[in-house]
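The residues making up each chain are set out below.
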Amino acid sequence: MTSAEMKAAILHHLVYTQGKDAVTAKTYDWRMALSYAVRDKIVDRWFEATRRAYAEKRKRVYYLSLEFLIGRLLKDAIINMRLEESVLDALKDLGIEWEEIIEDEPDAALGNGGLGRLAACFMESQATLGLPAMGYGIRYENGLFRQRFEDGRQVEEPEDWLNQAHAWEFARPEVSIDIGFGGHVQEIGSRANWYPSEVLIARAHDTPVIGWKGRWGNTLRLWEARPMHGFDLARFNRGDHTAAAEPEAMARTLSRVLYPDDHTEQGKELRLKQEFFHTAASIRDILRRFESEYDDLRLLPKKAAIQINDTHPAIAGPELVRILHDERGIDFEEAVGIARNTISYTNHTLLPEALETWGEARMGRLLPRHMQLIDRIDDLHRRETGTHDLNAHHDGKVHMGTLGFIMAHKVNGVAALHTELMKSTVFKDLHELHPEKIVNETNGVTPRRWLLSCNPRLSSLITDSIGDNWVDHAEDLKKLEPFTEDAGWIEKFTAAKHANKVDLSNWIAETLEISVDPDSIFDIQVKRIHEYKRQHMNLLETIAYWLEIRDNPNAGWTPRVKIFGGKAFPNYIYAKEMVHLANDMAKVMNSDPLTSRFLKVVFPPNYNVSLAERLIPAADLSEQISTAGKEASGTGNMKFSLNGALTIGTLDGANVEIRELVGAENFFLFGMTAEEVMTHRAEAGHAARAIAADPRLARALETIRSGGFSPEEPGRYHMITDNLTHHDYFMVCSDFTDYWRAQRDVDAAFADKAEWARVAALNTARTGWFSSDRTIRGYMRDVWDVEAAPLVDLA
Ligand code: 26Q
C-alpha cells in the first residue's frame, strides 16, 4: 500500500466512518480513521484464512480464557501488516503526530497479569504460525481497575475502555446464545432435561488477530451478557420506571467487570456465573460450528481441541458431557471419552489459596445438572482407576483443579520446574494414576510485540546485523552471538539501550517530576504486588543500600534507579501496604540530599501492557525474586532478557530455564531452592535467626518499624515488620543476605560497561527460545495434535 493510498483511506474513514471533517477532527477521530484504514487491510486476510480453514477441513484450536490482556492493538496491527512506512508518511503528510495517535488508544486490560497476557501472546503466535484457532473470552465493560496513588496509597478507579468506540471489534448480534442458570432437573433414565429458572443471552463480538506479515488471521470472540427480555415497556407504562430497566441491568452485570483477583480464591457467586456464562457460550458455539461441517460427534476430538486456561473454564468438561449425553443422546461413558479427548487444561499456580473450589450448595443451586454429572464423572473415574478417593467433589466442595485434570487428556504446567512440582505436590496422586497426562509447555512471549514493536532501536540493530528472519524464527537471534565479541557492535548495542534509558528518563521527568540519571543502573520490578513475589525484599534491600550510602556518602556508590510497577488486589491489605511503603520510601529517598545522586525510587501508577512496553526496553536489571517454588513461570522475566536486561533472580519458574540458556555466569542467582525453602520453613524461628545474623537487615527493618518513612505515623508498617520478624512464610529474611550479596555483585559487574553490555547482548542472543511461537508449536505437537496451514506471503 502506498503512502498516498493510505492517506486517502484515512481521509475516507475520517469522513465516512467517523463522520468528521479534517478541520475539526481531534486525535481520537484521526486514530479511529487510521484504525479503520488498517483494519480494512486485515479483514481481507482474515476472511481468506477463515475460508481456508473451512475449505481444508482443518482441525481448530479453541483457547478458552476468562482473560485476554491484549493492550493496545493499533501499532501491533500496523507492524504485522508491514504498514509502518505508508502510515508514517501519510500521517506526516496530514500533519498528525504518530506518537500522539498511538498513545490515544485505550489499553484493553481484560486480564489481571501473566495468565491473561499469555493468552494474548498465544493468539498472536497462533496467527503467525497459520494455526486455525479461536480465542473465547468475556467482553468486560470494565477491565482491570485503574490505579492511582493518593498520599502514596493505592486508590482504584473503574477502567472504561469501552467508553469510546472500539475500532477493532465487529458485533455479531446474529450469534446470540441462551445461557441458563438454576431451576430444576428432570431425569429420564441416565439422561435428563434441565429447566433453568433464569436465562440470559451471550452475544458475540469478534476481533481479528493478525499474524506476522498478515499471512494468517484468527478471531478473538468475546461474549457480552444481555437480557433475554430487554426493557419492560408494560412496567414502564405503569409508571414503574426503575423496575422496568431491572432485568436488563441484572443480565449485564455478568459481563460488567473483570475480577481484579489473582491468586486468591474468592468463592463469589457472580464469578461462578461469569465462568459458566463464558464456558457454556463458547462450547455451544464450538459445537454449532462443528455440526455445520460434520455429522458425527465422535469426530469432535479429531477436529477440535479445547484448551482451558487454568480452571476458570473447567466447567467445560461437564457442560460438554451434558450436551453430548443429555441433548445428543450419546452414551454417558462415550460422552466423557469424547469430552476428555477434546479438552486439555493448563495449570498456572500451585499456591493452595489460588486453587479454585466451589461450595456444593452454591454449585448445585446454580448448575443442578452439572453437579449431578460431576458426581457421575467422579464415579466413572473411580471405576476406571480402582480408587476410592481423589474425587473432584469432596468435603462439601467441587475442586476445579481435580475436575480439570480428570476431564482432560493432557494437563500442562507452564515451566519445567513448575511441571515437576505439579507432579510431586498438588497432582501427585492423580499423576501416579495417569503418568502420561502431565506435560510441560514452558511459556513464551511474542517477539513481535515484545521486541520488534516495543524496542525499535534494538530491533533495527538486530535486523541490520542478521536480517529480519528472527521476527518469526526467534531462535535466529543466536546469530547475534559472534557480534557480541565485536567492540564496535557492542557500542551500538550500548547506544540503543542508552537511548531507551534517556527516553524513559524524560518520560519519568515529565509525568512524575522525578529526575533520574540515565547512566544509573535501571533496576526494574514490574508485576502484580504479592508477598510471594517479594517486592518487600527489594524494598528492604533498597533501604539497606540507602542507609549504607548515608553512612558514607563519598564512597563511590554505583547509582541506581529502583523502578516498581504493579497493582495490588483491592482487598489484599498486605500488598497495599507494600505499595504504600514503596511510595513513602520514594518520598524520603528522592529528596535526600546525601543520597539522591546515587539512589532514586520510582513507582509510576497504573502499570499495564503499554507501560511494560515503555519500561522493559530501558531495563538493565530484571528483578525476578519470588520465593522458589511459588512463581509458576513468569513471563516478564522473558521479556526483560530478550530486551537485553540481566536478571537477578531465584531458581523459580522459568528463571531456571533463562539461566540455563543465557549461562549461569551471566545470571545473578541468589536464594534458597524450592526444596530448601520447604525444609527451612519447617525450622521454627527462621526469620528471627536470619535477622540476628544480618545487621543490615535488622537495621532496615528497624528503620521501617520506627517510622523512618512515615514519621507522621510511625506504626504504619507494623503489619509488614511484624510479619517478617515472626512468621515470614515467604522467606524474605532468610533470603535477604544472599540477595544483598547478589546486588553488590551487580554493582561490581556494572562498573565494566563493555562487559555488562556484552552479557546484556548475550541475553538477547540466547533467549529467542522464549518466543511464544515455540510454545505454541509445543502445544500443537504434545497437546492439540494439530497442524498449521501452509502460509502464503502478502501480495
Ligand atoms: C480465581 C478465582 C476468582 C477470581 C479470579 C481468579 C484468578 C484470576 C486470575 C486467579 C488467578 C489469576 C491469574 C493467575 C496468573 O496470572 N498466573 C500466572 O500465570 C502466568 C502465565 O502462565 C505465569 O507466568 C505466572 O507465574 C502465574 O503466576
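With an unreviewed UniProt entry as reference, the protein is termed Alpha-1,4 glucan phosphorylase, source organism Aliiruegeria lutimaris. Looking at the Cofactor (unreviewed entry) heading of the UniProt record, one finds this comment for the protein: "pyridoxal 5'-phosphate". Its UniProt record gives the protein the following Subcellular location (unreviewed entry) comment, quoted word for word: "Cytoplasm".

Novice: Provide a residue-level description of the sheet that holds strand β17 (residues 410-413), including the pertinent values.
Specialist: Spatial ordering of the open sheet is given by β7-β10-β11-β4-β1-β12-β13-β17-β18, a layout of nine strands whose pairing is mixed. Strands with a single pairing partner mark the edges of an open sheet, and in this sheet they are β7 (170-181) and β18 (438-440). Averaged over all pairs of adjacent strands, the angle between their axes in this sheet comes to 25°, without regard to strand direction. Note: strand β13 (residues 343-346) against β17, three bridges, orientation parallel. Paired with Thr-346 across the strands is Asn-412, a residue of β17. Its contacts with the sheet place helix α6 (residues 114-129) against β1 (60-64), β4 (133-138), β10 (198-210), β11 (217-227) and β12 (304-309), and it is angled at close to 135° to β11.

Novice: Tell me about the environment of Arg-226, and please be specific about residues and values.
Specialist: Its location among the elements puts Arg-226 in strand β11. For Arg-226, a count of 17 C-beta atoms within 10 Å corresponds to the partly exposed category. Residues Arg-226 and Arg-252, spaced 26 residues apart in sequence, show a C-alpha to C-alpha distance of 5.4 Å. Among all residues touching Arg-226, those that are not within four sequence positions of it are Leu-200, Ile-201, Arg-203, Ala-251 and Arg-252.

Novice: Would you mind going over the confidence of the model for the protein in detail, with residue names and values included?
Specialist: On average, residues of the protein carry a pLDDT of 96, and 100% of them reach 70 or more. For this predicted complex, the interface confidence score (ipTM) comes to 0.98, while the overall pTM stands at 0.98.

Conventions adopted
- Residues numbered from 1 in each chain as written.
- Predicted model: local features only at pLDDT ≥ 70, side-chain atom pairs only at ≥ 80, totals over all residues.
- UniProt positions renumbered as here; feature names shortened; annotations may be inferred.
- Pairing = 2+ DSSP bridges.
- Helix = DSSP H or I, 4+ residues; strand = E, 2+ residues; numbered from the N terminus.
- Axes fitted to C-alpha atoms, helices over the stretch in contact; angles between N-to-C directions.
- Contact = placed C-beta atoms within 7 Å.
- Buried ≥ 20, exposed ≤ 12 C-beta atoms within 10 Å, placed from the backbone.
- pLDDT = per-residue confidence, 0-100.

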